[in-house]
Amino acid sequence: MEKHPPAKHQETDESGRLKIYFLPNLLTAGNLFCGFVALTKIVEANLTPDAITGTVNWMPIKMALGFILLACIFDLFDGRVARMGGHDSPFGREFDSLADLISFGAAPAFLVHRVVLHDVLPDDYVAIGWFIASIYLICGAFRLARFNCLAAMNLPGAGKDFLGFPIPSAAGLVASLTLFIIKLNEKEKNLGHWGWLLPGVLIFLSAMMVSEVKYPSFKSLGLRSSTTFLKVLIAALFVGCLLILWDKILYYVLPLFFTLYLLYGFVRPHISRAWRREIEDEEDQEAAG
């Protein structure tokens, strides 16, 4: 039997104009805006210790971290909104990648350079700091380009599973870990030895983004997804705890969450399919298939 090639997504309307869907791309624009504001706050930050108290004003950096994490939320919903309305488009995919490169590539790389590498490296080795930060940015760009190519060719790596650690999750881990370290050393003149953890994490995440390790995309989760009563109850209690005790536990929950997702890619091939379905909520997607 002759195999017909899959139908291509209709990129233009009847008049030949490019289809640009409002709400998904508005959310993507919010992602890009957050990335720009984060970069602005990082540039504006004065990390020189106060002459009287000897402490550093971390507030601009905290605001930048908050905008990076907010960009993660925008990125989480733009694709889901597009898929729920059947408005997933090539334009949206490309626009999303451009926004991701700023919010989750340039902003975290510049953050680590500004907060750690800029001050700790001697003047003769300043270029090393830029080089370390650029590794993350380049690997992030490669990760996004590979994803777009796989999606355009309908190949594995851009569907249910991600090929390589997703760049929004990498940025979320860098941002939340930086927030955690600042919380631990808020009254100190610098981040101390903890600060050296960030360049190491940045290089490791660079390798993970271009790796062959597969991560679940959780694209099947949405407004139409069904789940068990127990899972809904646990999720509601967890969100309630975050809302009530956010100033005490948020600094610890966020880096733990992104770290668990990072490690899950390594243990995922070694757990049973039943456990995978429980963790990733694949029932709806498999039933639809």
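One can find the structure itself at the top, above this paragraph.
Novice: Is there a simple way to explain the overall build of the protein in this structure?
Specialist: A count of helical and extended segments in the protein gives nine helices and two strands. Reading the protein from its N terminus to its C terminus gives the helix and strand order α-α-α-α-β-α-α-β-α-α-α. Within the protein, the proportion of its 289 residues that are buried is 40%. Carbon together with sulfur atoms contributes 69% to the accessible area of the protein, which is approximately 16700 Å² in total.

Novice: Which parts of the structure should I look at to understand the nonpolar core?
Specialist: Generally speaking, soluble globular proteins have nonpolar side chains that are buried together. Core analysis: the biggest nonpolar cluster contains 53 residues, and Ile61, Tyr136, Phe165 and Leu205 have the highest contact counts within it. Ranked by residue count, the leading element in this core is helix 5 (residues 167–184), at eleven residues. Beyond its immediate stretch of four places on either side in the chain, Ile61 contacts Ile42, Ala45, Leu47, Leu111, Val115 and Ile182.

Novice: Got a minute to help me understand the packing of helix 1 (residues 22–44) against helix 2 (residues 59–84) in this structure?
Specialist: The angle between the axes and the distance between the axes are what describe a pair of packed helices. Look at helix 1 against helix 2: their axes get within 8 Å of each other, and the N-to-C directions meet at 165 degrees. Considering the angle they form, helix 1 stands roughly antiparallel to helix 2. Considering the relative orientation of helix 1 and helix 2, their crossing is left-handed. The residue makeup of the contact of helix 1 with helix 2, split by class, is 19 nonpolar, three polar and three charged.

Novice: Before we go on, may I ask you to explain the side chain of Asn25 in this structure?
Specialist: When you line up the elements, Asn25 lands in helix 1. Residue classification places Asn25 among the buried residues on the basis of a relative accessible area of 9%. Sequence-distant contacts of Asn25, that is, excluding residues within four places in its chain, are made with Ile20, Phe91, Gly92 and Phe95.

Novice: Explain the packing of aromatic side chains to me, please; I cannot follow it from the model alone.
Specialist: By convention here, two paired aromatic rings are described through the distance between centres and the angle between planes. Counting across every chain of the model gives eight aromatic pairs. Between Phe257 and Phe258, the ring centres sit 5.3 Å apart and the planes meet at 75 degrees, which makes this aromatic pair edge-to-face. Among the aromatic residues, those joined into a cluster by ring pairs are Phe165, Tyr215 and Tyr261.

Novice: Could you clarify how one ought to interpret the pattern of salt bridges in this entry?
Specialist: Close approach of charged atoms lets side chains of opposite charge pair. For the coordinates displayed, the defined rule picks out three salt bridges. The partner of Arg146 in a salt bridge is Glu212, and the shortest N-O contact between them spans 3.8 Å. With Arg146 in helix 4 (residues 126–152) and Glu212 in the loop between helix 6 (197–209) and strand 2 (214–216), the pair connects residues that are 66 residues apart, well separated along the chain.

Novice: Got a minute to help me understand the environment of Ala99 in this structure?
Specialist: Following the sequence through the fold, Ala99 ends up in helix 3 (residues 90–120). For Ala99, a relative accessible area of 0% translates into the label buried. Each C-alpha atom of the pair Ala99 and Asn31 lies 6.4 Å from the other, and the pair is 68 residues apart in sequence. Once residues within four sequence positions are removed from consideration, Ala99 is found in contact with Thr28, Asn31 and Leu32.

Rules used in this analysis
- Residues numbered from 1 in each chain as written.
- Predicted model: local features only at pLDDT ≥ 70, side-chain atom pairs only at ≥ 80, totals over all residues.
- Heavy atoms only, no water.
- Helix = DSSP H or I, 4+ residues; strand = E, 2+ residues; numbered from the N terminus.
- Buried < 20%, exposed > 50% of the residue type's maximum accessible area, 1.4 Å probe, protein only.
- Areas by Shrake-Rupley, 256 points an atom, 1.4 Å probe, with all protein chains shown as cover.
- Core = buried A, V, L, I, M, F, W, Y, C linked by side-chain atoms within 4.5 Å.
- Contact = heavy atoms within 4.5 Å.
- Axes fitted to C-alpha atoms, helices over the stretch in contact; angles between N-to-C directions.
- Parallel < 35°, antiparallel > 145°, perpendicular 65-115°, else oblique.
- Left-handed = near helix turned anticlockwise from the far one by under 90°.
- Nonpolar A, V, L, I, M, F, W, Y, C, P; charged D, E, K, R; others polar.
- Phe/Tyr/Trp six-rings, centres within 6.5 Å; stacked < 30°, edge-to-face > 60°.
- Salt bridge = Lys/Arg side-chain N within 4 Å of Asp/Glu carboxyl O.

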